[in-house]
Amino acid sequence: MRSLLLESLFRQPFTEQAPLRDDAAMQELATALGQAGRKRLGRSLAIREVDAGSCNGCELEIHARGNVFYDVERFGIRFVASPRHADVLLVTGPVTKNMRDALKRVYEAMPNPKWVVSVGDCPLDGGCFSGSYAVEGGVAGVVPVDLHIPGCPPRPIEILKRLLALLECVAA
Ligand code: SF4
């Protein structure tokens with residue numbers, strides 16, 4: 001018992017080292033995203049997220065954008081509770097049959113102009129849930145998708161990059 005205790009005190013952690021933070025890239029991306037949103041929308045970018053049956057892996061990455069590391073709200077990018085306040089509908093998951101109507105209702109409740117962004121491999125074709133009796137098999141069959149962000153799950157920085165690309169397209 002004593003040897004186990006001593007071993008656990010001096011053993012190196014199993015987890016990987018955290019990657020070094022790239023402050024300049026993070027600042028550049030987040031600022032550009034905020035400016036593109038303001039250019040097109042005249043204000044900050046409001047995002048309504050719908051989990052349409054995901055495993056929550058994508059949600060963890062989406063939520064990470066709001067933590068102290070990324071802190072994107074300082075640039076005017078924020079999540080809203082009501083679809084009536086949203087510019088972008090962010091969707092994760094393969095769209096379960098139970099969530100199909102709810103997703104459609106959220107989309108219809110959003111004012112124009114609006115954009116739909118699907119996040120992760122599941123919204124494309126069902127991903128690892130593809131073929132299940134419980135899923136529709138993708139977001140595009142339910143609401144029109146403007147941008148897909150691949151990955152299982154995509155990193156927060158990738159989500160930011162793709163949102164910027166979308167906003168630059170609509171602002172052009
Ligand atoms: S893409 Fe991967 S992480 Fe995201 S909901 Fe699907 S299985 Fe989960």
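To be clear, the structure that these remarks concern was listed above.
Residues numbered from 1 in each chain as written. Predicted model: local features only at pLDDT ≥ 70, side-chain atom pairs only at ≥ 80, totals over all residues. Heavy atoms only, no water.

*Asks:* Requested: an account of the side chain of Lys-114, with residues and values cited.
*Replies:* Topologically, Lys-114 is positioned in the loop between helix H4 (100–109) and strand E4 (115–119). Summary of buried charges: Lys-114 has no salt-bridge partner, and the nearest side chain of opposite charge, Glu-108, is 7.9 Å away. A polar atom in the side chain of Lys-114 sits 2.8 Å from the backbone oxygen of Tyr-107. The residues touching Lys-114, leaving out its near neighbours within four places in the chain, are Asp-87, Tyr-107, Glu-108 and Asp-146. (Helix = DSSP H or I, 4+ residues; strand = E, 2+ residues; numbered from the N terminus. Buried < 20%, exposed > 50% of the residue type's maximum accessible area, 1.4 Å probe, protein only. Lys, Arg positive; Asp, Glu negative; His and termini not counted. Salt bridge = Lys/Arg side-chain N within 4 Å of Asp/Glu carboxyl O. Polar contact = N/O pair within 3.5 Å; in protein donor to acceptor, adjacent residues only side chain to side chain. Contact = heavy atoms within 4.5 Å.)

*Asks:* Outline the sheet that holds E4, listing residues and values.
*Replies:* Here we have 5 strands laid out as an open sheet, ordered E2-E1-E3-E4-E5, and parallel in their pairing. Looking at strand neighbours, the two that pair on one side only are strand E2 (77–79) and strand E5 (147–149), the edges of this open sheet. Taken pair by pair, the neighbouring strands of this sheet meet at an average axis angle of 25 degrees, ignoring direction. Here 3 bridges tie strand E1 (residues 45–51) to E2, and the two strands are oriented parallel to one another. Directly across from Leu-45, in E2, lies its bridge partner Ile-77. On top of the sheet, H4 reaches E1, strand E3 (88–92) and E4; it is set at about 165 degrees to E3, its chief contact. (Pairing = 2+ DSSP bridges. Axes fitted to C-alpha atoms, helices over the stretch in contact; angles between N-to-C directions.)

*Asks:* Account for the nonpolar core, naming residues and giving values.
*Replies:* Of all hydrophobic cores here, the largest spans 21 residues; its most connected members are Ile-47, Val-117 and Val-119. Counting residues per element, the ones that place at least two in this core are E1, helix H3 (57–64), E3, E4, E5 and helix H6 (156–171). Broken down by element, the residue count for this core peaks at 4 residues, all from H6. Core analysis: the next-biggest nonpolar cluster, separate from the first, contains 16 residues, Val-50, Leu-89, Val-91 and Tyr-107 among them. (Core = buried A, V, L, I, M, F, W, Y, C linked by side-chain atoms within 4.5 Å.)

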